[in-house]
Amino acid sequence: MPVAPRLLLPDSPALVAGPGRATLLTPDGELMVLQGAEIERELALHPPPILVHAPATARRLDIPPFLDSYDLLELFAFALPARLAAPTPRGLAAALGLTPPHEDADAAALLPEIATKLLRALAETRNSAAGADAAAMAAQLKATINWAWADSVLAALGTPDAKPDRNAFRPWRRLPEWEDDAPPPPPASHGITATETRQRLAEILGEGSEQRPSQADYASAAAMAFQPREVEGEPRLVLAEAGTGTGKTLGYIAPASLWAERNGAPVWLSTYTRNLQRQLDQELARLYPDPEERRARVVLRKGRENYLCLLNLEEVQGQMTLKDSVLPLALAARWTTHTREGDILGGDFPGWMTEVFGVGVIGHLPDRRGECIRSACTHYRKCFVEHSIRRARHARLVVANHALVMVQAALGGGEDGKPLRYVFDEGHHIFDAADGAFSAAITGFETAELRRWLLGAEGGRSRAKGLQRRIEDLVEESGEDVTGPLLAALHAAQGLPGPFWQTRMAEGTGASNPTEAFLAAVRAQVLARAPEDDGQYGLEADVHPLNPEVEETGRLLDVALSALEDPLKKLCQALQSRIDHAPEELETSDRIKLETAIRGLERRGLMPLAAWRGMLKGMTVVPEPGTRPRMVDWFELTRREARDVDAGMRRHWLDPTIPFATDLAGPAHGLLITSATLRDRAPNADEEAAWRAAEARTGAGHLAMPAIRAAVPSPFDYQSQTRAFVVTDVDKSRTEQVASAMRALFLASGGGGLGLFTAIRRLREVARLIAPPLLAEGIPLYAQHVDAMDNSTLVDVFRAEEDSCLLGTDAMRDGVDVPGRSLRLLVYERVPWPRPTILHRERRIHLSGGYPKGYDDAEARHRLRQGFGRLIRRGEDKGVFVLLDPRAPSRLMAGLPVEPRRVTLKEAVAETEAFLREESTGGSAP
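Caption draft 1: A look at the overall build of the protein. What the protein contains, in helices and strands, is 37 helices and 23 strands. For the protein, the spread of C-alpha atoms along the principal axes amounts to about 80 × 70 × 65 Å. Counting the 926 residues in the protein, one finds 57% classified as buried. The long-range fraction of contacts in the protein, counting pairs at least 24 apart against all pairs at least 6 apart in sequence, stands at 75%. Roughly 38,500 Å² of accessible area belongs to the protein as shown, and the carbon and sulfur atoms make up 50% of that amount. Taken as two groups, the 110 positive and 126 negative side-chain charges of the protein have centres that lie 1 Å from each other.

Spelled out as structure tokens, the structure:
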């Protein structure tokens, strides 16, 4: 029987950063609690410490960054690639099945145990190909950067004398290639019954699970979206509101999976954010507990910019000259051979990598818009995106997000074709998602991106090759028919914004081409017309009355865009003729390259050019007073930190659910649109009015067949489980008062607080003011737009650290599922009114049914209800809702499960502390 290799742990102390102090546990068992200057003095007497998250530890202890340390995050990512864990001692413990520590001393004692468990996991691979790869990489890391964990890893693998191998950094060598399959057969059209759906739900839940009749009722209602369509253009549409705690996710997975199995076609499950995609995918483990079966049956689909690009990884490695870039690229390479989907944003890639190693390396790994060279890429047949597209065609369930689904519809089906059945979870966001997808913008950024796509990199670190490089082999074989239009298009691309266009625009210096001249004229009109304000984030102005300079530069820009559009059309025609006229002479790979090039030209070139030219022509048409517009146009000047960074013209649908209904819902056979907040709970409104509002927000009213309506109430006892307050004596306009109020409330709750903001600038200022005093009381604070972690990782940390607090904006309001005590207090800094923009003004006038005030109220009510719904996720949860806005109208509270009481801050703090202390002690507060 082989002898397990001896584990080699570093002879170093374990270090944990607490509130204003360091807890140090030496290898011989001495426990020290250090403060102030003694922290650095004592650390200097010991070898580099074992810790979790070296940069955060140094910041928390207010000491210089560690030059050397044994960071357990590095070992975790190396030993268990594609496994997620919150980047804290408690988070690592939970991920490894260890008892999470509550005290710093316990955490320090646990760090060597975490290291031991990770090294044992590596030891289990020592006689496998995976172990050999790990040994080669560890040896390479030891040779190049003398990685702290290298000797421990090599000892665990039983290969202390392993030879360095740079091939360990080239994971694409071991990735499988996709192969084209025959097109899937047409799906059947069999319906499913409510009885079958309830049976499938029971199978997913398993024996002994909690029986929730409301969940089974909801699943039965959802099944009606999976009945056969009877008339073309009239999908089976179900609008289903399911109160928090109903269990709607498994409730719709049951009929969706049943229909997909029976009919041989995938159902697309769409939700709003990447974080929610991940949560939905985790729920599907209940249906497919075997990981291999789940990989075969379930596919996650996101936009290309969410995936690691193998070509980017190879090229960044080729430029790898800095010592600091070696380790993150090695860990990324390890992840590449273990990841399930290859999605680097919101998937199984460690979200803390950017914070630990910086954005300089990790930020270059995903695909950047317009840089993908598709079939010309040497890694095309191993590409994660291409794998996911092909797997989705044969999957049962495709987990997507609203943005991708809408963009695919706007492109006429996109890369995935048009699914027949959809489930839209978080369905109240359909309006906003459609608004983003079915819109157009002729801005400096958009036009400069097209120039980059056509001409390639013109300075900077971009690797964009440009159109000529991407299709050069096609050009050589096609002759003058392709070369002429290509060169004409590249020449015409000089009319788009060139390098440093932002500097010229911001400084008002001379424009170098027609696009820049138009942007300068638009900027001048915005500055002349926009109302006075702080101008931190941008200014807007109506298109009409149109300044003569904008009209003239717009006319010249239209001419320049036409000069680019014409040769691109000829180029497409020339490439298509190669496919049409001699198909028998084409190899399959050549056909793929030609089709890819044509599709890219159409979608990245011709489609935006047609939209921009239409906007420029429509700009000169003065609308008749009092008419309802179909589209809303406006000029915009975008600012970051009071600096002009972009300008241009934007066009949105007045009602974006019209193209949603026409291009996506209408062609489908069935849709389930569901949410916990589908209807508007306006004061004194009847049920019919509430449902009509839901139909307006989801586009159901634009379909010929009426929607089936279903509503299942929440099973929670909100009267006993929650408290709600509107604070009457905080001036919301004074950030210092808001910060003081949040600090007091977070201290009263002992952590577990989520603060929601309507402006990033105020969020950052409050975070700066309250983080130190909270940490001094043992409450760490994390903040979106402050901490360099993606939202999913921030939520993971917040969930793992029961007494931490988190600040965020809309994404945290909509994408957080944190059951238990980790979220026991929710604080809104002010009423989340809709932002007063030109687009909102037009919708307020024309979509409000003659009651603009009610339109604003409905928006705010939805957002408050969504936030409140984050508090109670399980039957035993308790939570407090606080709104720091004395002027909040009572009518906005009509949709909340409990009626808030108006109290002073002092009263809110006292009652929050008493209510949550009762929760934590299990009895009544003294």
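Caption draft 2: Focus on the side chain of Thr 116. Mapped onto the elements of the fold, Thr 116 is located in helix H5 (residues 104-123). The residues touching Thr 116, leaving out its near neighbours within four places in the chain, are Leu 7 and Leu 9.

Caption draft 3: Quick look at the sheet that holds strand S16 (residues 708-712). Across the sheet, which stays open at both edges, the 7 strands sit in the order S8-S9-S7-S10-S15-S6-S16 with parallel pairing between neighbours. Strands with a single pairing partner mark the edges of an open sheet, and in this sheet they are strand S8 (298-300) and S16. Recorded for the sheet is a direction-independent mean angle of 15° between the axes of neighbouring strands. Across 4 bridges, strand S7 (residues 267-271) lies against strand S10 (residues 421-424) in parallel orientation.

Caption draft 4: Representation of the sheet that holds strand S22 (residues 879-883). Strands sit in the order S19-S20-S18-S21-S22-S17-S23 across an open sheet of 7 strands; the sheet is parallel. The open sheet terminates on both sides in strands that have one partner only, identified here as strand S19 (781-783) and strand S23 (901-903). Across this sheet, the average inter-strand angle for adjacent strands is 20°, counted without regard to direction. Where S19 meets strand S20 (residues 805-808), 3 bridges bridge the pair, whose relative direction is parallel.

Caption draft 5: Highlighting the packing of helix H20 (residues 444-455) against helix H27 (residues 588-619). With their axes 11 Å apart at the nearest point, H20 and H27 run at an angle of 145° to one another. The interaxial crossing formed by H20 with H27 has left-handed handedness. Of the residues in H27, those in contact with Glu 446, Thr 447, Glu 449, Leu 450 and Trp 453 of H20 are Gly 600, Leu 601, Arg 604, Gly 605, Leu 609 and Trp 612. For the contact of H20 with H27, a count of residues per class yields 5 nonpolar, 3 polar and 3 charged.

Caption draft 6: Region of interest: helix H31 (residues 735-749). Between its first and last C-alpha, H31 extends 21 Å over 15 residues, near the 21 Å set by a 1.5 Å rise per residue. When H31 is considered as a whole, its buried residues turn out to be Thr 735, Val 738, Ala 739, Ala 741, Met 742, Leu 745, Phe 746, Ala 748 and Ser 749.

Caption draft 7: Fine view of the pairing of S20. Taking every second residue as pointing to the same face, both faces of S20 are buried, with Cys 805 and Leu 807 on one and Leu 806 and Gly 808 on the other. By the bridge criterion, 4 bridges tie strand S18 (residues 753-756) to S20 in an arrangement that is parallel. Residue pairing in the sheet places Gly 755 in a bridge with Leu 807 of S20. In this fold, S19 hands off to helix H33 (residues 791-800), which returns the chain to S20; that crossover is right-handed.

Caption draft 8: How the structure looks around the pairing of strand S11 (residues 440-443). Going residue by residue along S11, you find Ala 440 and Ile 442 tucked away on one face and Ala 441 and Thr 443 tucked away on the opposite face as well. Taken together, the 4 bridges between S11 and strand S14 (residues 643-653) define a ladder with antiparallel strand orientation. Across the sheet, Thr 443 pairs through a bridge with Gly 648, a residue of S14.

Caption draft 9: Representation of unusual backbone geometry in the model. A cis geometry characterises the amide bond from His 544 onward to Pro 545, with omega recorded as 0°. Although it is not a glycine, Glu 426 adopts a positive phi angle of roughly 50°. With respect to the element layout, Glu 426 can be found in the loop between S10 and helix H19 (430-437).

Caption draft 10: Representation of the pattern of salt bridges in the model. Applying the stated criterion across every chain, the model contains 59 salt bridges. In this structure, the salt-bridge partner of Arg 799 is Asp 796, at a minimum N-O distance of 3.0 Å. Taken together, the residues span about one helical turn, with Arg 799 and Asp 796 both in helix H33 at a distance of 3 residues. Glu 802 is paired through a salt bridge with Arg 821; the nearest N and O atoms lie 3.2 Å apart. Here Glu 802, found in the loop between H33 and S20, pairs with Arg 821, found in the loop between helix H34 (810-814) and strand S21 (825-828); they are 19 residues apart in sequence, far enough to count as distant. Overall, Arg 821 belongs to the partly exposed group, its relative accessible area being 23%. Three or more residues are tied together by salt bridges with common partners; here these are Arg 200, Glu 203, Glu 261 and Arg 396.

Caption draft 11: Geometry of helix H18 (residues 402-410). For H18, every residue scored as buried is listed here: His 402, Leu 404, Val 405, Met 406, Gln 408 and Ala 409. Lining the buried residues of H18 we find S7, strand S9 (397-401), S10, H19 and helix H28 (657-665). One or two residues past the end of H18 sits Gly 412, with phi positive at roughly 80°.

Caption draft 12: Inspection of the packing of aromatic side chains at higher detail. Using the criterion set out here, one finds 12 aromatic pairs in the structure. Seen from their ring centres, Trp 335 and Phe 349 are 5.0 Å apart, and the 90° between their planes marks the pair as edge-to-face. Here Trp 335, found in helix H14 (residues 323-336), pairs with Phe 349, found in the loop between H14 and helix H15 (353-357); they are 14 residues apart in sequence, far enough to count as distant. The burial state of Trp 335 is the same as that of Phe 349; both residues are buried. Through pairs of rings, three or more aromatic residues link up here, namely Phe 716, Tyr 718, Tyr 828, Phe 868 and Phe 881. The ring of Trp 178 is capped by Arg 381, whose NZ or CZ atom sits 4.2 Å from the centre of that ring.

Caption draft 13: The arrangement of the state of the cysteines in detail. Within the structure shown, the criterion is met by 0 disulfides. Cysteine Cys 377 is unpaired, with the sulfur of Cys 309 as its nearest cysteine sulfur at 6.0 Å. Cys 377 sits in the buried class, given a relative accessible area of 15%.

Caption draft 14: Local environment of the nonpolar core. Counting residues in each nonpolar core, the largest one holds 107 residues, and the members touching the most others are Leu 72, Phe 78, Leu 122, Leu 141, Val 153 and Phe 881. Each residue touching Phe 78, except ones within four places of it in the same chain, is listed here: Leu 122, Ala 134, Met 137, Ala 138, Leu 141, Trp 147, Val 153, Leu 331 and Arg 334. Core analysis: the next-biggest nonpolar cluster, separate from the first, contains 54 residues, Ala 541, Val 550, Leu 575 and Met 649 among them.

Caption draft 15: Layout of the packing of helix H9 (residues 213-223) against helix H10 (residues 248-263). Put simply, H9 and H10 touch, their axes get as near as 8 Å, and they point 40° apart. Judged by the angle between their axes, H9 and H10 are oblique. The hand of the H9/H10 crossing is right-handed. The segment H9 lies against H10, with Gln 215, Tyr 218, Ala 219, Ala 222 and Ala 223 engaging Lys 248, Leu 250, Gly 251, Tyr 252 and Pro 255. Grouping the amino acids of the contact of H9 with H10 by side-chain chemistry returns 7 nonpolar, 2 polar and 1 charged.

Caption draft 16: Spotlight on the side chain of Arg 865. Relative to the elements of secondary structure, Arg 865 occurs in helix H36 (residues 852-868). Despite its burial, Arg 865 pairs with no opposite charge, the nearest such side chain being Glu 241 at 4.0 Å. A distance of 2.6 Å separates a polar side-chain atom of Arg 865 from the backbone oxygen of Arg 679. Setting aside residues no more than four positions away along its own chain, Arg 865 makes contact with Glu 241, Ala 676, Thr 677, Arg 679, Arg 681, Gly 895 and Leu 896.

The rules behind the values
- Residues numbered from 1 in each chain as written.
- Predicted model: local features only at pLDDT ≥ 70, side-chain atom pairs only at ≥ 80, totals over all residues.
- Heavy atoms only, no water.
- Helix = DSSP H or I, 4+ residues; strand = E, 2+ residues; numbered from the N terminus.
- Buried < 20%, exposed > 50% of the residue type's maximum accessible area, 1.4 Å probe, protein only.
- Contact = heavy atoms within 4.5 Å.
- Areas by Shrake-Rupley, 256 points an atom, 1.4 Å probe, with all protein chains shown as cover.
- Lys, Arg positive; Asp, Glu negative; His and termini not counted.
- Charge placed at Lys NZ, Arg CZ, Asp CG, Glu CD.
- Pairing = 2+ DSSP bridges.
- Axes fitted to C-alpha atoms, helices over the stretch in contact; angles between N-to-C directions.
- Left-handed = near helix turned anticlockwise from the far one by under 90°.
- Nonpolar A, V, L, I, M, F, W, Y, C, P; charged D, E, K, R; others polar.
- Expected span 1.5 Å × (residues − 1).
- Right-handed = clockwise from strand over helix to strand, strands pointing away.
- Salt bridge = Lys/Arg side-chain N within 4 Å of Asp/Glu carboxyl O.
- Phe/Tyr/Trp six-rings, centres within 6.5 Å; stacked < 30°, edge-to-face > 60°.
- Lys NZ or Arg CZ within 6 Å of the ring centre and 35° of its normal.
- Disulfide = S-S within 2.5 Å.
- Core = buried A, V, L, I, M, F, W, Y, C linked by side-chain atoms within 4.5 Å.
- Parallel < 35°, antiparallel > 145°, perpendicular 65-115°, else oblique.
- Polar contact = N/O pair within 3.5 Å; in protein donor to acceptor, adjacent residues only side chain to side chain.

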